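These are the residues of each chain, in order.
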Amino acid sequence: MNDAKQIQDRLRDRLATADLRLSVLVDAEAFTAPGCNGGVREAAGTGGVVHGAVRARLDPAHAQRIIRITGDGDRALIALKACQAYVREVIK
């Protein structure tokens, strides 16, 4: 659990210092409809398996919040597994 927490902390720090940016895939069709000017363009230098995908960068504060929420979820799953293991041992 400590390793997972350290990874989450490093990721959150990298987001805070602008060393790392999170982005999301955007439905390009939503922005190519007639009269729609979504203002979203392809992010430069993004790695991934979707060729030519349209991506939008997340605001750093929102990205940090997502990392914090996923970290909380990871810790909750670890705690749940520990509780389940405890109950299995007690029932034996």
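About the thresholds
- Residues numbered from 1 in each chain as written.
- Predicted model: local features only at pLDDT ≥ 70, side-chain atom pairs only at ≥ 80, totals over all residues.
- Heavy atoms only, no water.
- Helix = DSSP H or I, 4+ residues; strand = E, 2+ residues; numbered from the N terminus.
- Buried < 20%, exposed > 50% of the residue type's maximum accessible area, 1.4 Å probe, protein only.
- Areas by Shrake-Rupley, 256 points an atom, 1.4 Å probe, with all protein chains shown as cover.
- Contact = heavy atoms within 4.5 Å.

Peer 1: Looking at this model, I keep getting lost on the overall build of the protein. Mind explaining?
Peer 2: Secondary structure assignment for the protein yields 3 helices and 2 strands. Going residue by residue from the N terminus, the α and β elements of the protein occur as α-β-α-β-α. The buried share of the protein, reckoned over its 92 residues, is 11%. When the accessible area of the protein is evaluated, it comes to approximately 7,300 Å², of which 56% is carbon and sulfur surface.

Peer 1: So what exactly am I meant to see when it comes to the environment of Leu11 here?
Peer 2: Note on placement: Leu11 falls in helix α1 (residues 2-16). Each C-alpha atom, one on Leu11 and one on Ile67, is 7.7 Å from the other, the two residues being 56 residues apart in sequence. Leave out the neighbours within four places in its chain, and Leu11 touches Leu20 and Ile67.

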